[in-house]
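# Per-entry structural report
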Amino acid sequence: MLDSSRPLLFKRGQCPGCRRLSTRTLYREPLDSPGISRYMQDHYGRRVERDFTGYDYELAQCEHCGLAFQAQVPAPELLEEIYDRWLPATEREAVAARWGLDDYRYLAEQVQFMLDHFRVRPGSIKALDFGFGWAEWAKMAGAYGVDVCGAELSQVRIEYAKSVGIPVVDAGALPRDEFHFINTEQVFEHLLEPGDTLKTLAGALRPGGLVKLSVPNSAKSIRKLLGARDFGALSPEDIMAIAPFEHINAFTCDSLNALGREAGLVPLRPSLRKLYNASSGWMEPKSALKTLARPVYRHLYPKSTFVYFVRPA
Ligand SMILES: [Zn+2]
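Residues numbered from 1 in each chain as written. Predicted model: local features only at pLDDT ≥ 70, side-chain atom pairs only at ≥ 80, totals over all residues. Heavy atoms only, no water.

This part takes up the overall build of the protein. For the protein, the helix and strand inventory stands at 12 helices and 12 strands. Against the compact-globule benchmark of 20 Å for 313 residues, the protein has a radius of gyration of 20 Å, which places it among compact chains. For the protein, buried positions account for 49% of its 313 residues. For the protein, the proportion of contacts with a sequence separation of at least 24, taken over those separated by at least 6, is 75%. When the accessible surface of the protein is split by element, carbon and sulfur atoms take 55% of a total near 14,900 Å². (Helix = DSSP H or I, 4+ residues; strand = E, 2+ residues; numbered from the N terminus. Rg over C-alpha atoms; globule rule 2.2 N^0.38 Å. Buried < 20%, exposed > 50% of the residue type's maximum accessible area, 1.4 Å probe, protein only. Contact = heavy atoms within 4.5 Å. Areas by Shrake-Rupley, 256 points an atom, 1.4 Å probe, with all protein chains shown as cover.)

With that out of the way, let us pick up the domain arrangement of the protein. If you check the domain split of the protein, you get domain 1 (9-90 + 219-249) and domain 2 (96-215 + 251-310). Taking the mean C-alpha position of each, domain 1 and domain 2 sit 26 Å from one another. With 20 residues of domain 1 in contact, the opposing surface of domain 2 contributes 18 residues. Summed over the shared surface of domain 1 and domain 2, the number is 3 salt bridges. Of the charged contacts in the structure, one is a salt bridge between Asp 196 and Arg 19, with a shortest N-O distance of 2.6 Å. (Domains from an automatic or database assignment. Salt bridge = Lys/Arg side-chain N within 4 Å of Asp/Glu carboxyl O.)

The subject of this paragraph is the sheet that holds strand E3 (residues 56-62). If you trace the 4 strands from one edge of the open sheet to the other, you get E2-E3-E4-E10, paired in antiparallel fashion. Here the strands that pair on one side only, and so sit at the sheet edges, are strand E2 (23-30) and strand E10 (249-250). Pairing geometry for strand E4 (residues 68-70) and E10, over 2 bridges, is antiparallel. Across the sheet, Ala 68 pairs through a bridge with Ala 250, a residue of E10. On top of the sheet, helix H8 (residues 219-228) reaches E2, E3, E4 and E10; it is set at about 65 degrees to E2, its chief contact. (Pairing = 2+ DSSP bridges. Axes fitted to C-alpha atoms, helices over the stretch in contact; angles between N-to-C directions.)

Turning to the nonpolar core, a few remarks are in order. By size, the foremost hydrophobic cluster in this structure holds 34 residues, and its most contacted members are Leu 128, Ile 182, Phe 188, Leu 198, Val 211, Leu 213 and Leu 265. Of all the secondary structure elements, the ones that give two or more residues to this core are E3, strand E6 (126-130), strand E7 (147-151), strand E8 (179-185), helix H7 (194-204), strand E9 (205-214), helix H10 (253-262) and strand E12 (306-310). Residue contributions to this core reach at least three from each of two domains, namely domain 1 (9-90 + 219-249) and domain 2 (96-215 + 251-310). Once residues within four sequence positions are removed from consideration, Phe 188 is found in contact with Pro 194, Thr 197, Leu 198, Leu 201, Leu 213, Val 215, Asn 249, Phe 251 and Leu 259. Among the nonpolar cores identified, the runner-up in size contains 28 residues, and Val 111, Leu 115, Ile 125 and Ala 278 belong to it. (Core = buried A, V, L, I, M, F, W, Y, C linked by side-chain atoms within 4.5 Å.)

A separate point is the side chain of Ser 255. With respect to the helices and strands, Ser 255 occurs in helix H10. Judged by relative accessible area, Ser 255 falls into the buried class, the value being 3%. In terms of polar contacts, Ser 255 uses its side chain to reach the backbone amide nitrogen of Thr 252, at 3.0 Å. Beyond its immediate chain neighbours, meaning those up to four positions away, Ser 255 contacts Cys 65, Gly 66, Leu 67 and Ala 250. (Polar contact = N/O pair within 3.5 Å; in protein donor to acceptor, adjacent residues only side chain to side chain.)

This brings us to the sheet that holds E7. With respect to topology, 6 strands assemble into an open sheet ordered E7-E6-E8-E9-E12-E11, the strand pairing being mixed. This sheet does not close on itself; its edge strands, each paired only once, are E7 and strand E11 (266-268). Taking each pair of neighbouring strands and ignoring which way they run, the sheet shows an average axis angle of 25 degrees. As defined by bridge partners, E6 adjoins E7 across 5 bridges and the pair is classed as parallel.

Protein coordination at the zinc ion: the donors are Cys 15 (SG), Cys 18 (SG), Cys 62 (SG) and Cys 65 (SG), at 2.3 Å from the metal. For the zinc ion, the donor residues sit on a single chain with the sequence spacing C-x2-C-x43-C-x2-C. In this pair, Cys 15 sits in the loop between strand E1 (9-11) and E2 while Cys 62 sits in strand E3, placing the two residues 47 residues apart along the sequence. As far as burial versus exposure is concerned, Cys 15 and Cys 62 are alike and both buried. (Donors = N, O, S within 2.8 Å, 3.2 Å for Na, K, Ca; no water.)

With that settled, the discussion passes to a nonpolar patch on the surface. Together, Trp 282, Met 283, Leu 289 and Leu 292 give the surface a local cluster of nonpolar side chains, amounting to about 490 Å² of exposed area. Relative to the assigned elements, Leu 289 resides in helix H12 (residues 285-300). The exposed category is assigned to Leu 289, whose relative accessible area is 61%. (Patch = residues over 30% accessible without salt bridge, like charges linked within 9 Å, V, L, I, M, F, W, Y side chains within 5 Å.)

Contact pair helix H4 (residues 101-118) / H12: the axes reach a minimum separation of 12 Å and the direction vectors enclose 45 degrees. By the angle class used here, H4 and H12 are oblique. Crossing hand, H4 versus H12: right-handed. Packed against H4, whose contacting residues are Asp 102, Arg 105, Tyr 106 and Glu 109, the element H12 presents Ser 287, Lys 290, Arg 294 and Arg 298 at the interface. Taken together, the residues of the contact of H4 with H12 break down into 1 nonpolar, 1 polar and 6 charged. (Parallel < 35°, antiparallel > 145°, perpendicular 65-115°, else oblique. Left-handed = near helix turned anticlockwise from the far one by under 90°. Nonpolar A, V, L, I, M, F, W, Y, C, P; charged D, E, K, R; others polar.)

The following block contains the structure:
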């Protein structure tokens with residue numbers, strides 16, 4: 001239980017992307033407002049036993065790199081409580097129950113794209129799944145013969161990864177100039193210091209290596225919130241990208257690219273031929289449409305928040 005004398009949240013006073021101090025508040029709403037209370041009830045059920053009176057949801061934006069971020073973020077004890085007690089839907093069985101053939105195909109597509117990019121024997125590719133969750137990407141990469149390891153904070157997930165043969169490395173002591181590829185899937189929106197973390201990952205890549213960043217696109221959610229000025233007016237889908245406590249960095253295409261630049265990385269524009277060559281499911285009309293459209297909106301349409309960054313050679 002939390003010590004009631006300690007604050008539940010603390011303030012990030014500088015931009016978590018580029019560390020500059022020139023930030024401004026975009027939006028503020030009390031955490032016990034009707035709209036946010038309803039979201040918490042829908043999202044966490046009855047597991048929230050905290051009184052957030054006096055605390056705000058505060059969305060700030062960096063005037064230098066454009067990153068929007070929650071200025072008030074959970075203190076470590078609250079964070080642990082959220083991920084360990086409030087969020088039971090992240091159990092592995094729940095994820096497995098949600099995933100279908102298309103999801104696994106898409107994972108395979110990403111792994112094949114990586115292998116096609118480097119054009120060397122899969123067993124000589126060193127890859128890191130950073131913040132691996134239930135190690136879905138790492139398992140897929142391993143199935144293709146890649147020399148893959150993972151880094152993760154959650155102990156139960158670390159134990160799981162080890163049990164299925166994925167070596168786990170310490171996220172705080174990554175080797176330098178080591179990896180051809182680093183996968184991050186829905187990770188950077190959660191990080192307290194995404195700028196520092198990406199710099200660390202960039203240093204762990206070998207020259208010419210790739211890091212994938214895939215995060216929710218917050219552009220529409222922020223626009224709607226600033227228009228309505230009320231969480232109660234947002235749909236669950238709108239709230240997801242800027243979710244209180246969890247998605248504390250609200251990226252757009254531009255701020256994600258700025259984060260890469262700050263870390264000395266360059267966005268890769270993948271060839272459509274390679275993306276299509278790595279895909280499957282073409283003989284089914286429904287999945288064929290998705291397979292055809294996804295590379296276009298994800299890698300050619302310039303507003304995507306799924307980016308492959310290269311460490312310049
Ligand atoms: Zn910034």
